[in-house]
Structures are given as structure tokens and as C-alpha cells.
Amino acid sequence: HRAYLIMGDAATAVLLGPADAEEGILGIRLGNDGSLSGSLLHEHPRHTGVWGPLRFGMNAKDIHELVVRLMAESATAALAQAGCAIEEMDWVLPHQPNARLLEGIGEAVGASPDQRVPLVESTRERLLCV
């Protein structure tokens, strides 16, 4: 099986405080610019009558770099809004369709491996959910 990144050209970050301290949302960044609307195409069977493959208008390397950059920008903006540094965060839980992307986003935002919450684990043969 191959894991595919399904994406829009949006990136969002939210910083949450402890529920018992009633802090709620400390910082938030919502983003969407629409400039990549043709980068992922999937013909819907309701319209075409057949299931079609996903077609990407970008190569995997460019998609990876774009996702890492947008996620880091959103996280940095949310941290700035909250007046916090990444070192103050207990956990960093980014979008992670694969372990390589989790690592890239974690490094880009400066999160230590101990702060990252992995939901996926990479092997040479397949992607495993943990």
C-alpha cells in the first residue's frame, strides 16, 4: 500500500491550554489561499460514472516541502499570538500522513522528538498506525 497525501492549500495551527486552568485556545492561525486548487484532481464517480485515480499536479518532493513550510508558518504564527515558545509546549501533534512528514514538520517548528506525538510509524514496506 502507498500512503498518499490528500491536501488542500491550507494550514492551521491551534495552541491549547490546560482545561483545568480554563485557558482554552491560547493562539490560533487559520490559513487558506486557494492558489493550488488544481494541484490535486480526483474525478468523483457521481459525475463521471467511474472511479478514477488521484492525479497530482506537483511531485512528492514539492508537496512535502510545501506542507512542511505551511505547517511551520502556521505554528510560528499561533505561537507568536500566544506569546509562547515551542519549548513551552508539552506536545506537538501535526498532520502526519507518514513518519517522514511528521519528522519534517517537527524539525521545522523546532519541536524535540519528545514533544512529538507520533500516530504513524514508518517501515520500509508499509505505513503502520500506532
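Just so it is clear, the model here is predicted, and its values are computed rather than measured. (Residues numbered from 1 in each chain as written. Predicted model: local features only at pLDDT ≥ 70, side-chain atom pairs only at ≥ 80, totals over all residues. Heavy atoms only, no water.)

**Looking at the environment of Gly106**
By secondary structure assignment, the location of Gly106 is in helix α3 (residues 99-109). For Gly106 and Ala72, which are 34 residues apart along the polypeptide, the C-alpha to C-alpha distance reads 8.4 Å. (Helix = DSSP H or I, 4+ residues; strand = E, 2+ residues; numbered from the N terminus.)

**Considerations on a nonpolar patch on the surface**
On the surface, Val14, Leu16, Ile25, Ile28 and Leu30 cluster together into a nonpolar patch covering about 500 Å² of accessible area. For the nonpolar patch, the leading source of residues is strand β2 (residues 25-32), giving three residues. Mapped onto the fold, Ile25 is located in strand β2. (Patch = residues over 30% accessible without salt bridge, like charges linked within 9 Å, V, L, I, M, F, W, Y side chains within 5 Å. Areas by Shrake-Rupley, 256 points an atom, 1.4 Å probe, with all protein chains shown as cover. Salt bridge = Lys/Arg side-chain N within 4 Å of Asp/Glu carboxyl O.)

**Some remarks on the packing of helix α2 (residues 60-82) against α3**
Relative orientation of the contacting elements α2 and α3 amounts to 40°, with a least axis distance of 9 Å. With respect to α3, the axis of α2 lies oblique. Helix-helix and strand crossings are classified by hand; for α2 and α3 the assignment is right-handed. Between α2 and α3, the residues in contact are His64, Val67, Val68, Met71, Ala72 and Ala75 and Arg100, Leu101, Gly104, Ile105, Ala108 and Val109, respectively. Split into classes, the residues belonging to the contact of α2 with α3 amount to nine nonpolar, two polar and one charged. (Axes fitted to C-alpha atoms, helices over the stretch in contact; angles between N-to-C directions. Parallel < 35°, antiparallel > 145°, perpendicular 65-115°, else oblique. Left-handed = near helix turned anticlockwise from the far one by under 90°. Contact = heavy atoms within 4.5 Å. Nonpolar A, V, L, I, M, F, W, Y, C, P; charged D, E, K, R; others polar.)

**Here we look at the confidence of the model for the chain**
Per-residue confidence for the chain gives a mean pLDDT of 76, with 68% of residues at or over 70. Averaged over each element, pLDDT in the chain is lowest for strand β6 (residues 127-129) (43) and highest for α3 (89). This model gives residues 1-8 a pLDDT under 50, and the stretch forms 17 contacts once residues within four places in sequence are excluded. Confidence drops under pLDDT 50 across residues 124-130; counting only partners more than four residues distant or on other chains, this segment forms 16 contacts. (pLDDT = per-residue confidence, 0-100.)

**Focus: the pattern of salt bridges**
What the rule picks out here adds up to two salt bridges. For Glu65, the salt bridge identified is with Lys61, shortest N-O distance 3.2 Å. Of this pair, Glu65 and Lys61 are both found in helix α2, four residues apart, which corresponds to roughly one turn of the helix. For Glu65, a relative accessible area of 41% puts it in the partly exposed group. As a salt-bridge pair, Glu73 and Arg69 come within 3.1 Å of each other at their nearest N and O atoms. Residue Glu73 and its partner Arg69 are located together in helix α2, separated by four residues, close to a single helical turn. (Buried < 20%, exposed > 50% of the residue type's maximum accessible area, 1.4 Å probe, protein only.)

**As for α3**
Taken together, the buried positions of α3 are occupied by Ala99, Leu101, Leu102, Gly104, Ile105, Gly106 and Val109. Looking at where α3 begins, the residue whose side-chain oxygen comes 3.1 Å from the main-chain nitrogen of Arg100 is Asn98. Gly110, located one to two residues past α3, shows a positive phi value of around 85°. (Polar contact = N/O pair within 3.5 Å; in protein donor to acceptor, adjacent residues only side chain to side chain.)

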